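Residue-level structural notes
Given next are the chains, with one letter for each unit.
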Amino acid sequence: MQKYERKFLECLDLRGVSERTKVDYFRRIKPLEKYYSKDPTTLSIQQIREYFLHLIRVKKLSPATLKSSFFSIRFFYIHTVGLKKENFNFYKPKIEFKLPVVLNREEVKKIISMVRIYDYWILLTLAYQCGLRVSEVVSIKIADIDGELKTITIRNSKGNKDRTVPLPEKLYFQLREYWKTHRNRSLLFPLKHSNTKNFDRENTTKHIPIRTAQKVMSLTRKDAGILKKATFHTLRHSYATHLLEAGVNIKIIQHLLGHNSLRSTMIYLHLTNASQQKSVEIINGLMKDI
């Protein structure tokens, strides 16, 4: 590890940044180092500016990828090198408003029904029925499932936050039966296979990889004949939209999803007119006798 990497890692540790976010920050910094073949702490603002022109004109990165790279690189230079925020006024991230892809309930059922391997069937089912991110569902620990309250506590989620989500009763009993297939003492979804000698699924501390879960979703979507560009995260979007359509208060949905801001949750209002229809019904009911 180079000197600047050690210093940046110390900076991230002092701010309590999650391991996954650390990996993402370094993934944005390393191409900059490679582009100039030198320690990035020695680069000038002009060189950083030219690097972003390269990303825009040559690499033709999407606005979302550019935005992630910009904020990661800016964070690095402000907190590790000591530059000012004003030094980075040369670039203004483009703000895009894109509605997420959402599956209706029948499409969700169709996709999940196409999963042939029990481990992945229960994993996708749990992800949808609890509105979980892929990183959250694969790493669930047995100790975080409360059988009495029928809840799951999601630990160290995005923003290093914990939250509790309701676990449907039928699914709780399905999880109990699933656990009997591996009896791992810690993980709900322990790694299935490994080239490691004497691999023991019952005692492994590694969970099913995120990439495996994403690939399962991609393949089963195609097998189900769903043309929408649905990803694993689409299950979470669909969960939120279906709750909203069912009349669940948006503040409750915000809590269940673990959103810091209600603004993040309000995007689902654009995906359904159920709330508007219900409002009209309420207004009609209130006003009919006046």
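What comes next concerns the included structure. Because the structure is a prediction, the values reported are computed rather than measured.

Another point: the packing of aromatic side chains. By convention here, two paired aromatic rings are described through the distance between centres and the angle between planes. In total, this model carries 23 aromatic pairs according to the counting rule given. Ring centres of Phe8 and Tyr25 lie 5.9 Å apart, and the angle between their planes is 70°; on these two criteria the pair is classed as edge-to-face. Placement of Phe8 in helix α1 (residues 3-14) and of Tyr25 in helix α2 (residues 19-36) is noted, with a sequence separation of 17 residues between them. A residue is classified by how much of its surface remains accessible, and Phe8, at 0% relative accessible area, is buried. Considering the side-chain rings of Phe88 and Phe90, the 6.0 Å spacing of their centres and the 45° angle between planes classify their relative orientation as tilted. According to the relative accessible area criterion, Phe90 is partly exposed, its value standing at 26%.

Burial of the side chains of strand β2 (residues 151-154) extends over both faces: Thr151 and Thr153 are buried on one face and Ile152 and Ile154 on the other. As judged from the two bridges shared by strand β1 (residues 145-146) and β2, these two strands associate in the antiparallel manner. Paired with Asp146 across the strands is Thr151, a residue of β2. Hairpin geometry of β1 and β2 is characterised by an intervening segment of four residues between the two adjacent antiparallel strands and by a positive phi of about 60° at Lys150. Relative to strand β3 (residues 163-166), β2 runs antiparallel, the two being bridged by four bridges. Each bridged residue has a counterpart across the sheet, and for Thr151 the counterpart in β3 is Pro166.

Now for the nonpolar core. Membership of the largest hydrophobic core comes to 48 residues, with the highest contact counts inside it found for Leu124, Leu126 and Val137. Put simply, the parts of the chain that give this core at least two residues each are α5 (105-113), α6 (118-130), α7 (134-138), β2, α8 (169-179), α9 (210-223), α10 (232-245) and α11 (250-257). In terms of residue count, α6 provides more of this core than any other element does, eight residues in total. The contacts of Leu124, once residues within four sequence positions are left out, are Ile111, Ile112, Val115, Val216, Met217, Thr220, Phe232 and Leu235. Counting 23 residues, the second largest nonpolar core, distinct from the first, contains Tyr4, Ile29, Leu66 and Phe88.

Thresholds applied
- Residues numbered from 1 in each chain as written.
- Predicted model: local features only at pLDDT ≥ 70, side-chain atom pairs only at ≥ 80, totals over all residues.
- Heavy atoms only, no water.
- Phe/Tyr/Trp six-rings, centres within 6.5 Å; stacked < 30°, edge-to-face > 60°.
- Helix = DSSP H or I, 4+ residues; strand = E, 2+ residues; numbered from the N terminus.
- Buried < 20%, exposed > 50% of the residue type's maximum accessible area, 1.4 Å probe, protein only.
- Pairing = 2+ DSSP bridges.
- Core = buried A, V, L, I, M, F, W, Y, C linked by side-chain atoms within 4.5 Å.
- Contact = heavy atoms within 4.5 Å.

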